[in-house]
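Below, each chain spelled out in residue letters.
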Amino acid sequence: MTDASSLVRLSAADLSAKLTAGDVSAVEVAQAHLDRIAAVDGDVHAFLHVSDAALTTAADVDRRRAAGEQLGALAGVPIAVKDVLCTIDMPSTSGSKILEGWVPPYDATVVRKLRAADMVPLGKTNMDEFAMGSSTEFSAYGPTHNPWSLDRIPGGSGGGSAAAVAAFEAPLALGSDTGGSIRQPGAVTGTVGVKPTYGSVSRYGAIALASSLDQVGPVSRTVLDSALLHDVIKGHDPRDSTSLRDEWPSFADAARRGLAGGALQGVRIGVVRELAGDGFQAGVTARFAEALELLSGAGAEIVEVSAPSFEYAISAYYLILPAEASSNLAKFDSVRFGLRVVPEGGGTVEDVMAATREAGFGPEVKRRIILGTYALSAGYYDAYYGSAQKVRTLVQRDFAAAFEKVDVLVSPSAPTTAFRLGEKIDDPLSMYLNDITTIPANLAGIPGISVPMGLAEEDGLPTGLQFMAPAREDARLYTYGAALEQLLEQGWGHTLISRAPDLSATEQNAATEGVI
Amino acid sequence: MSEITREQVEHLAGLARIALTPDEIDTMTRELGQIVDNVAKVSEVATDDVPATSHPIPLENVFRADVVGETLTAEQALSGAPDHDGSRFRVTAILGEEQ
Amino acid sequence: MAKADLMDYDEALERYEVVLGFEVHVELATKTKMFSDAPNFFGGAPNTNVTPVDLGLPGSLPVVNEQAVTYSISLGLALGCSIAESSRFARKNYFYPDNPKNYQVSQFDEPIAFEGEVEVELPDGTVFHVPIERAHMEEDAGKLTHVGGSTGRIQGAEYSLVDYNRAGIPLVEIVTKPIIGAGALGPELGAAYVSTIRDIVRALGVSEARMERGNLRCDANVSLRPHGQVELGTRTETKNVNSFRSVERAVRHEIQRQAAILAAGGTITQETRHWHEDTGRTSAGRPKSDADDYRYFPEPDLLPVVPSRELVEELRLALPEAPVAMRRRLKADWGFADLEFQDVVNSGLLQELVDTVAAGASPQAARKWWTGEIARLANAAGVEPSSLVSPLHVSELIALVESGELTDRLARQVLEGVVAGEGSPSEVVESRGLRVVSDDGALIAAIDEALASQPDVLAKIRDGKVQAAGAVIGAVMKAMKGQADAARVRELVLERAQA
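Please read these numbers as outputs of a predicted model, since none were measured by experiment.

Conventions and cut-offs
Residues numbered from 1 in each chain as written. Chains lettered and ligands numbered in written order. Predicted model: local features only at pLDDT ≥ 70, side-chain atom pairs only at ≥ 80, totals over all residues. Heavy atoms only, no water. Helix = DSSP H or I, 4+ residues; strand = E, 2+ residues; numbered from the N terminus. Rg over C-alpha atoms; globule rule 2.2 N^0.38 Å. Buried < 20%, exposed > 50% of the residue type's maximum accessible area, 1.4 Å probe, protein only. Contact = heavy atoms within 4.5 Å. Areas by Shrake-Rupley, 256 points an atom, 1.4 Å probe, with all protein chains shown as cover. Lys, Arg positive; Asp, Glu negative; His and termini not counted. Charge placed at Lys NZ, Arg CZ, Asp CG, Glu CD. Axes fitted to C-alpha atoms, helices over the stretch in contact; angles between N-to-C directions. Parallel < 35°, antiparallel > 145°, perpendicular 65-115°, else oblique. Left-handed = near helix turned anticlockwise from the far one by under 90°. Nonpolar A, V, L, I, M, F, W, Y, C, P; charged D, E, K, R; others polar. Pairing = 2+ DSSP bridges. Phe/Tyr/Trp six-rings, centres within 6.5 Å; stacked < 30°, edge-to-face > 60°. Lys NZ or Arg CZ within 6 Å of the ring centre and 35° of its normal. Buried area = accessible area lost by both parts, 1.4 Å probe. Salt bridge = Lys/Arg side-chain N within 4 Å of Asp/Glu carboxyl O. Polar contact = N/O pair within 3.5 Å; in protein donor to acceptor, adjacent residues only side chain to side chain. pLDDT = per-residue confidence, 0-100. Core = buried A, V, L, I, M, F, W, Y, C linked by side-chain atoms within 4.5 Å. Right-handed = clockwise from strand over helix to strand, strands pointing away.

Draft legend 1. Broad picture of the overall build of chain A. On a plain count of helices and strands, chain A comes out with 17 helices and eleven strands. Over its C-alpha trace chain A gives a radius of gyration of 22 Å, about what one expects of a compact globule, namely 24 Å for 516 residues. Once the C-alpha set of chain A is aligned to its principal axes, its extents read approximately 65 × 55 × 50 Å. Expressed as a percentage of its 516 residues, the buried residues of chain A come to 68%. Across chain A, every contact between residues at least 6 apart in sequence was considered, and the portion connecting residues at least 24 apart equals 76%. In the form shown here, chain A has an accessible surface area of approximately 15,000 Å², with 51% of it arising from carbon and sulfur atoms. Averaging the positions of the 41 positive and the 62 negative side-chain charges in chain A gives two centres separated by 5 Å.

Draft legend 2. Looking closely at the environment of C:Ala141. Residue and element names in this part refer to chain C. Tracing the backbone shows Ala141 in the loop between β7 (127-139) and β8 (143-147). Sequence separation between Ala141 and Asn165 is 24 residues; the distance between their C-alpha atoms is 8.8 Å. Setting aside chain neighbours within four positions, we find Ala141 in contact with Asp98, Arg166 and Ala167.

Draft legend 3. Fine view of the packing of helix α14 (residues 440-453) of chain C against helix α17 (residues 486-498) of chain C. Residue and element names in this part refer to chain C. Following both chains from N to C, one finds α14 and α17 inclined at 60°, their axes separated by 10 Å at the closest point. As summarised for this structure, α14 and α17 are arranged oblique, according to the angle between their axes. For the pair α14 and α17, the sense of crossing is right-handed. Where α14 approaches α17, its residues Asp440, Leu443, Ile444, Ile447, Asp448 and Leu451 are matched on the opposing element by Arg488, Val489, Leu492, Val493, Arg496 and Ala497. Grouping the constituent residues of the contact of α14 with α17 by class yields eight nonpolar, no polar and four charged.

Draft legend 4. Quick peek at the sheet that holds strand β2 (residues 89-92) of chain B. Here three strands make up an open sheet; going across it, the order is β2(B)-β9(C)-β8(C) and the pairing antiparallel. If you trace the sheet from one side to the other, it starts and ends with β2 of chain B together with β8 of chain C, each paired once. The sheet shows a mean angle of 30° between the axes of neighbouring strands, taken without regard to direction. Bridging between β2(B) and strand β9 (residues 159-163) of chain C involves four bridges; their strand directions are antiparallel. Residue pairing for β9(C): B:Val91 is matched across the bridge by C:Ser160.

Draft legend 5. How the structure looks around the packing of aromatic side chains. All chains considered together, the criterion is met by 26 aromatic pairs over all chains. Considering the side-chain rings of A:Tyr106 and A:Tyr204, the 5.4 Å spacing of their centres and the 50° angle between planes classify their relative orientation as tilted. Within this pair, whereas A:Tyr106 is found in the loop between β2 (78-82) and α5 (109-116), its partner A:Tyr204 is found in the loop between β5 (192-195) and β6 (215-220), the two being separated by 98 residues in sequence. By relative accessible area, A:Tyr106 is classed as buried at 7%. Arranged with centres 5.4 Å apart and planes meeting at 40°, the rings of A:Tyr374 and A:Tyr384 form a pair that is tilted. Here the residue A:Tyr374 occupies a position in helix α13 (residues 363-376), and A:Tyr384 occupies one in helix α14 (residues 382-405), the gap between them amounting to ten residues. Look at A:Tyr374 and you get buried, because its relative accessible area is 2%. Its relative accessible area of 4% is what places A:Tyr384 among the buried residues. Put simply, the rings of A:Trp102, A:Phe130, A:Phe332, A:Phe337 and A:Phe361 pair up and form one aromatic cluster. Here A:Lys234 stacks its cationic end above the ring of A:Phe251, 5.0 Å away from the centre of that ring. Lying across the ring of C:Phe336, C:Arg367 places its NZ or CZ 5.7 Å from the centre.

Draft legend 6. Spatial organisation of the interface of chain B and chain A. Each side of the interface is counted separately: chain B has 54 residues, and chain A has 62 residues. For the pair chain B and chain A, the summed buried surface comes to about 4,900 Å²; carbon and sulfur atoms form 66% of the total. A per-residue breakdown of the area chain B buries against chain A is headed by B:Arg17, B:Pro56 and B:Ile57, which together make up 13% of the total. Linking chain B with chain A are two salt bridges, by the criterion used here. In this structure, B:Glu31 engages A:Arg367 in a salt bridge whose closest nitrogen and oxygen atoms are separated by 2.6 Å. Here chain B and chain A share 20 residue pairs in polar contact (both at pLDDT 80 or more) between them. Elements that contribute at least two residues to the side of chain B that touches chain A include exactly α1 (6-15), α2 (22-39), α3 (42-45) and β2 of chain B. Counting residues per element, the side of chain B that touches chain A draws most heavily on α2(B), which supplies nine residues. In the side of chain B that touches chain A, the residues fall into 32 nonpolar, 13 polar and nine charged.

Draft legend 7. Geometry of unusual backbone geometry. All names here are of chain A. Residues Gly156 and Ser157 are joined by a peptide bond in cis, for which omega reads 5°. Tracing the chain through its elements places Ser157 in the loop between β3 (120-125) and α6 (159-166). You will see that Ser94, though not glycine, has its phi angle at about 55°, which is positive. Take Ser94: it is sitting in the loop between β2 and α5. The backbone phi angle of Asp118 is positive, close to 60°, even though this residue is not glycine.

Draft legend 8. Representation of the interface of chain C and chain A. In this assembly, 30 residues from chain C lie in contact with 39 residues from chain A. In total, chain C and chain A occlude about 2,600 Å² of area from one another, counting both sides; carbon and sulfur atoms represent 61% of this. Counting across the interface, chain C meets chain A through one salt bridge. Where chain C packs against chain A, one counts 15 residue pairs in polar contact (both at pLDDT 80 or more). Taken together, the elements giving at least two residues each to the side of chain C that touches chain A come down to α2 (52-55), β4 (90-93) and β16 (297-298) of chain C. For the side of chain C that touches chain A, the leading source of residues is α2(C), giving three residues.

Draft legend 9. Seen up close, the confidence of the model for chain B. All names here are of chain B. Mean pLDDT over chain B works out to 92, with 94% of the residues at or above the 70 mark. For chain B, the element scoring lowest by mean pLDDT is α3, at 90; strand β1 (residues 63-64) scores highest, at 98. Both scores are given for the predicted complex: the pTM is 0.87, the ipTM 0.95.

Draft legend 10. Here's a closer look at the pattern of salt bridges. One pass over the structure, following the stated rule, counts 62 salt bridges over all chains. Residue C:Arg91 pairs with C:Asp301 through a salt bridge whose shortest N-O separation is 3.1 Å. Placement of C:Arg91 in strand β4 and of C:Asp301 in the loop between β16 and α6 (309-317) is noted, with a sequence separation of 210 residues between them. Like C:Asp301, C:Arg91 is buried. In this structure, the salt-bridge partner of C:Arg273 is C:Glu271, at a minimum N-O distance of 2.6 Å. Overall, the relative accessible area of 8% leaves C:Arg273 in the buried class. Taken together, the salt bridges that share partners define one network made up of A:Asp60, A:Arg63, A:Arg64, A:Glu69 and A:Asp118.

Draft legend 11. Looking closely at the nonpolar core. A:Leu85, A:Phe130 and A:Phe467 are the most contacted members of the largest nonpolar core, which has 203 residues in total. In terms of residue count, helix α11 (residues 313-328) of chain A provides more of this core than any other element does, ten residues in total. Within the second largest apolar cluster, 68 residues are counted, among which are C:Tyr16, C:Ile179, C:Leu224 and C:Val312.

Draft legend 12. Quick look at the pairing of strand β7 (residues 268-272) of chain A. All names here are of chain A. With respect to burial, β7 is a largely interior element, four of its five residues being buried. In terms of strand pairing, β7 meets strand β8 (residues 301-305) through five bridges, oriented parallel. Its bridge partner lying in β8, Gly270 is registered against Val303. Between β7 and its parallel partner β8, the chain crosses via helix α10 (residues 282-297), and the hand of that crossover is right-handed. Alignment of β7 against strand β9 (residues 408-412), held across three bridges, turns out to be parallel.

Following this line, the structure appears as structure tokens:
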């Protein structure tokens with residue numbers, strides 16, 4: 001009988017093995033994680049909602065397994081779901097007051113897939129409001145705290161999913177990534193996060209931020225775990241017109257190939273000059289350089305490539321995203337769902353809409369809506385939105401040219417380690433720079449993964465390395481990501497996440513640590 | 001030197017149906033001015049010979065067959081409504097005209 | 001509402017040149033909506049015909065109905081348009097409670113069809129070529145009901161109720177280029193143009209196109225300019241024009257209204273106006289707050305529509321005859337006089353006649369029944385003639401009259417039965433026993449009885465006063481409950497009288 005506290009330390013792959021072998025029941029696994037959430041989430045605040053159906057779902061999986069039913073690899077494994085995804089049995093707020101308490105009448109396609117794979121949803125995780133942010137400080141429900149240091153940000157917008165996994169509250173989570181919202185939190189929490197090729201995972205039921213940039217992806221502690229989850233959620237969805245019809249290979253197999261040894265031999269790895277760390281935190285640059293040496297030592301060829309258009313990528317992103325978001329968020333108008341605020345003395349429906357949106361949206365969301373409205377305005381379209389779409393073309397061309405020379409590209413996943421809560425919240429431009437290495441992949445639609453690459457010397461906090469592959473070549477991320485992960489862990493003698501402070505020994509100090 | 005004026009922000013807030021407070025308009029005018037200065041440089045490289053890309057992965061002719069699927073029940077449809085009369089959503093008096 | 005000053009129509013045309021434009025929305029008769037697979041039918045309990053997509057729920061995404069695209073291409077071809085090599089959807093952003101996403105998915109700079117021309121024939125035979133700017137695909141909005149206030153209209157309403165059943169129904173919007181040179185015929189041209197569009201879409205089978213049901217909607221744009229001026233005048237857009245006749249009246253009214261303003265030295269406000277059928281006037285609409293800036297951008301959730309040239313050719317070959325050409329051919333084939341033919345066209349019964357003739361009836365008989373008795377019944381019931389009886393049944397009825405099984409009078413009774421839903425004409429004849437009695441024996445019995453009971457008439461007939469036979473004929477027809485051929489009865493009466 002496995003100790004509940006050690007159950008939560010297991011990877012999803014290991015849990016799957018135990019569940020399949022009958023060493024442990026899904027109910028025990030679910031209970032262990034619920035207990036863990038109860039013990040530490042007061043400090044971490046990764047969850048906005050904990051499911052009251054987890055044990056029932058787990059029990060059902062156990063019953064069917066006992067009855068001899070053939071179940072999938074992740075059957076009975078718990079998972080946390082970013083609150084940007086619609087769940088028919090739990091509120092889906094997208095981190096916003098305007099959707100407080102809203103329970104959708106339908107499941108997102110990826111959530112349907114999770115359920116069909118007999119996974120056990122534990123709850124909904126915290127996020128920057130409408131996925132706009134890099135620190136989860138813009139959540140309307142209070143920030144999430146980085147399990148490595150509770151006075152620091154967990155990254156964003158998917159800080160809740162990354163923190164839940166980093167704090168062992170769940171072995172797996174689903175996130176969404178529009179400009180780095182899975183990968184950057186992965187970097188600053190010492191976890192793994194993947195943004196799939198655009199269109200390879202359905203967006204139906206993911207509350208839209210920027211339609212041409214959003215993708216749903218896996219969050220985990222190991223590369224193999226993300227691959228296993230990616231295998232569940234991938235695939236064509238007729239309800240999403242931008243969904244690709246490709247047949248995808250097994251990403252779990254791709255990861256296992258990376259773990260089998262020799263996978264990096266002869267692989268050409270490109271370091272993007274524009275993303276290589278000018279002005280990045282010293283510890284980040286140092287770990288990145290070491291990782292490159294490791295890769296080269298394992299037989300990879302490190303090549304420098306240049307992508308001059310990347311200098312304009314953040315600007316283009318901060319035009320395309322607000323423009324599409326301003327339109328996507330127009331539906332929040334008090335009529336069909338969500339908050340309704342009636343001004344004093346009543347008012348026309350236009351007054352009610354304006355009062356509702358004023359009260360229901362936070363400052364970052366309002367900022368981006370106004371900016372986006374501006375970028376699309378008559379007379380400004382060509383200079384702003386129109387131009388930004390051209391920069392997207394240039395970014396794609398630079399990637400295409402780079403991938404002629406190399407098999408994957410690498411960069412740090414984030415320019416710094418986790419900064420303190422409140423540090424950048426009043427400086428939007430500085431906040432936007434957190435996404436400098438992750439944004440290009442979203443613009444181009446190519447896949448990217450963040451893999452923990454070590455702790456920064458100066459603060460002992462996690463850093464991450466990003467691999468990027470050509471569109472549709474997500475498998476490469478898993479193979480090379482797993483290979484690097486293995487090399488690093490062999491060098492350290494342990495996993496990175498095992499170095500995270502023991503949360504259960506910490507007092508509930510969040511309230512005293514200058515949280516916004 | 002930013003182009004965004006206070007009047008513009010007010011106008012945009014109207015278009016976006018957000019009842020910004022005067023303080024918010026002030027702050028936003030300043031912040032947006034800085035942001036716009038920063039992002040405006042995209043027009044430097046966005047020359048005429050560069051086509052725009054609106055979809056990262058090119059696809060075309062994505063259709064569905066003209067076959068009826070599942071609809072929500074009225075109860076489900078109204079389930080999130082702030083106000084309804086049992087069968088329809090209810091809103092206060094409308095000022096503007098249909099477009 | 002102050003009554004607008006109106007200039008005399010002829011004077012208005014003398015002083016100004018009229019430029020018209022029409023935007024017609026056609027509701028496509030697909031099985032499902034434009035971007036969701038909810039069924040495409042109007043009616044049903046409110047909000048029972050919606051998916052998350054139609055409600056604009058967070059996370060929902062549109063998927064294009066392929067049938068709507070092929071219908072749109074066919075329609076574009078029938079309008080003489082070129083079909084785009086690559087066509088895109090765009091978001092038209094504006095806030096309104098009937099707009100579930102607060103943007104409408106429409107088309108902006110890459111419409112599916114563009115640059116066409118429609119031949120329109122006026123009642124007096126004049127033919128116009130109306131230039132078409134574009135035809136594009138878009139989705140309909142939900143339906144608002146305004147409550148409180150005295151008129152059921154938006155002004156003064158306390159609150160409004162929204163039903164999204166109609167949200168997402170596929171529409172094609174057809175936009176003309178400025179129509180110049182119609183002169184005094186402008187209003188009639190408007191009505192004829194919309195009627196032609198209706199005929200086109202019905203012949204194509206892409207829409208039921210009933211204006212009274214909202215399947216076909218028209219906005220009329222009118223502007224005036226002094227003769228010889230090149231610059232176009234300011235135009236107004238008039239909505240709520242719900243019949244062909246309204247199009248004509250609304251255009252005429254706007255011409256007169258604008259002329260009065262201009263002649264008095266005023267300027268025309270560019271605005272949307274609302275047509276009032278009861279008063280025959282337009283009134284200014286309420287402020288259109290977002291009209292200045294819809295912030296169109298390509299719809300990121302949808303991909304380009306790239307119709308192959310093979311598909312376009314296939315659809316072009318499948319096009320039915322153009323209405324004006326078809327009318328010419330039919331008039332000639334049927335040998336109708338101008339007025340007779342026009343009467344049919346103006347009554348909107350052309351298709352009914354075509355179908356009735358196709359089922360075997362002669363054109364004149366078809367015309368007689370449709371524009372006569374059937375139209376009369378329809379008028380009385382306040383419905384469309386075509387909803388009362390099918391062309392097949394009309395043809396059957398005509399055949400029964402021509403074979404002598406029914407007299408005209410009996411046929412009208414049979415028609416009533418068919419309309420009441422009692423079955424086909426033959427079935428009604430059987431069940432009601434309405435067949436003309438052709439058995440002379442039965443007639444003779446009735447005749448002899450009638451003659452016996454009217455000896456004075458009998459005497460007159462024998463005297464050579466054959467008109468007197470009328471009384472006996474009448475009595476016999478009554479006895480036979482009208483189920484006799486009056487001419488044959490007369491023959492027999494005269495025979496028997498002499499016997």
